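# Chain and residue survey
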Amino acid sequence: MSQMARLAGRRDGVPIYSYPNELSTPPVSVIRLDRCALPASGAHIHDFPVLVVHGDAGLIDVVAAGATVDPSLLDDRVGALALFFDPAALGDGARSPWPTWRAHPLLFPFLHGHHTGLLRLEVPAARRGFWEATIAAIEGELIDRRDGYRQAALAHLTVLLIELARMTDDVVGDLLRSGEPLLAKVFEIIEQNVGRPVSLRDVARECAMTPGYLTTVVRRRTGRTVGEWIIERRMAEARALLVGTDLAVREIAGRVGIADPGYFARLFRSAHGESPRAWRARHANVRTA
């Protein structure tokens with residue numbers, strides 16, 4: 001792989017690449033795929049986020065970190081580029097390794113769990129010019145390397161990640177379009193019941209399947225169980241309420257379908273490594289901004 005990533009090990013024979021953490025390496029890197037060979041020619045895993053942008057087509061591939069990906073799936077490289085970036089550069093909530101990334105809201109799209117490791121999205125026509133200009137600004141900063149270029153490149157990247165987060169709001173629609181009707185139904189049921197108690201048994205009943213079979217299918221397709229996805233969705237809603245409102249933690253617990261505030265606090269700490277109150281205090285600047 002290029003200097004923008006380095007071999008960190010292997011999993012079942014598949015190479016794993018990490019983003020370099022040397023001071024000389026910028027927090028963001030751009031590879032023009034139609035001007036050079038792919039960074040890795042065969043199946044590989046990376047433990048950092050990657051976006052592949054097909055500029056002319058207005059398409060974006062969100063590459064799931066930690067998943068085995070096949071570069072041959074990137075069928076059209078004309079006008080395509082890859083954005084690599086160091087998750088730790090986004091702040092403490094994104095500090096490596098990969099399992100802790102879910103603490104940072106701008107990295108949630110990279111947890112999509114699509115079985116190919118790639119989630120393809122279409123940039124709205126009205127926003128394509130914005131994406132092109134912002135990527136060009138990142139490239140300009142990386143080429144000129146004037147004082148503050150690292151901070152400037154990271155600021156441009158952050159804006160793109162906000163755009164990406166807004167584009168991935170319609171998870172159910174994306175799954176239906178990608179030929180995953182069962183997963184779409186599971187996520188739709190979870191979404192409809194985010195404010196009410198819901199269990200694996202409830203979801204399985206709605207899907208007309210046994211809990212055991214549904215668990216097997218969902219784990220095989222996404223790497224997570226239905227129960228884990230229920231918790232993930234509740235934690236996402238809790239994070240939004242913690243940052244966007246002044247509601248007490250007890251009330252937030254109720255709004256995400258968890259009657260016991262103590263149990264909610266334990267779940268939150270398990271997922272984020274700190275209490276809801278501590279997380280809110282550390283992200284208070286997000287609301288101010």
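Throughout what follows, the structure given in this document is the object of discussion. Remember, it's a predicted structure, so these values are computed and weren't measured experimentally. (Residues numbered from 1 in each chain as written. Predicted model: local features only at pLDDT ≥ 70, side-chain atom pairs only at ≥ 80, totals over all residues. Heavy atoms only, no water.)

### Some words on the overall build of the protein chain
To keep it simple, the criterion reads: Each helix is a run of DSSP H or I of at least 4 residues and each strand a run of E of at least 2, with the numbering of both proceeding from the N terminus. Partly exposed residues are those whose accessible area sits between 20% and 50% of the maximum for their type, while under 20% is buried and over 50% is exposed, using a 1.4 Å probe and protein chains only. Residues count as neighbours in contact if any of their non-hydrogen atoms are within 4.5 Å of one another.
Within the protein chain one finds 11 helices and eight strands. Here the protein chain, with 289 residues, has 47% of them falling under the buried criterion. For the protein chain, the share of sequence-separated contacts (at least 6 apart) that also reach a separation of at least 24 residues comes to 64%.

### Brief notes about the sheet that holds strand E6 (residues 59-63)
Sheets are built from strands that pair by backbone hydrogen bonding, the pairs being arranged parallel or antiparallel. Note the cut-off: Pairing between two strands requires that DSSP report at least two bridges joining them. Structural elements are reduced to axes, namely lines fitted to C-alpha atoms, with helices fitted over the stretch in contact, and the angle between N-to-C directions of any two is expressed from 0 to 180 degrees.
Spatial ordering of the open sheet is given by E3-E7-E5-E6-E8, a layout of five strands whose pairing is antiparallel. The two strands at the open ends of the sheet, each matched to only one other strand, are strand E3 (28-32) and strand E8 (118-122). Here the strands of the sheet are splayed against their neighbours by 20° on average, with no regard to which way each runs. Across the sheet, helix H1 (residues 128-144) is in contact with E3, strand E5 (50-54), E6, strand E7 (80-85) and E8; its angle to E3 comes to roughly 110°.

### Some words on helix H4 (residues 181-192)
Filter applied, for reference: Here a helix's expected span is defined as the number of its residues, less one, multiplied by 1.5 Å.
Given a rise of 1.5 Å per residue, 12 residues ought to cover 16 Å, and the 16 Å separating the end C-alpha atoms of H4 matches this to within 8%. Of the positions making up H4, those classed as buried are Leu183, Ala184, Val186, Phe187, Ile189 and Ile190.

### Concerning the pairing of E7
Across a regular strand the side chains alternate sides, sitting on one face of the sheet and then on the other. Of all six residues in E7, six are buried; the element is thus mostly enclosed. A two-sided burial pattern is seen for E7, the buried positions comprising Ala80, Ala82 and Phe84 on one face and Leu81, Leu83 and Phe85 on the other. Pairing of E5 with E7 involves five bridges; the strand directions are antiparallel. Its bridge partner lying in E7, valine 50 is registered against phenylalanine 84.

### So, the environment of phenylalanine 264
Structurally, the position occupied by phenylalanine 264 is in helix H9 (residues 261-272). On a C-alpha basis, the gap between phenylalanine 264 and alanine 253 in space is 5.9 Å, while along the polypeptide they are 11 residues apart. Excluding its chain neighbours within four sequence positions, the residues that come into contact with phenylalanine 264 are Met235, Ala238, Val249, Ile252, Ala253, Val256, Ile258 and Pro276.

### Considering the pairing of E3
E3 sits mainly inside the fold: four of its five residues count as buried. By the bridge criterion, five bridges tie E3 to E7 in an arrangement that is antiparallel. Counted as the bridge partner of arginine 32 is leucine 81 from E7.

### Some thoughts on the packing of aromatic side chains
What counts here: The pairing test for Phe, Tyr and Trp rings, Trp by its six-membered ring, is centres within 6.5 Å, and the orientation test on the planes gives stacked under 30 degrees, edge-to-face over 60, and tilted for anything in between. Both a distance and an angle decide whether a charge sits over a ring: NZ of Lys or CZ of Arg must be within 6 Å of the ring centre and within 35 degrees of the ring normal.
A full pass over the atoms with the stated rule returns five aromatic pairs. Summarising the aromatic geometry, the rings of tyrosine 19 and phenylalanine 48 are spaced 5.6 Å apart at their centres and angled 75° between planes, so their arrangement reads as edge-to-face. With tyrosine 19 in the loop between strand E2 (14-18) and E3 and phenylalanine 48 in the loop between strand E4 (45-46) and E5, this residue pair connects regions lying 29 residues apart in the sequence. For tyrosine 19, a relative accessible area of 7% translates into the label buried. Linked through ring pairs, Tyr19, Phe48 and Phe84 together constitute an aromatic cluster. Positioned over the ring face of phenylalanine 130 is arginine 127, at 4.5 Å from the centre of the ring.

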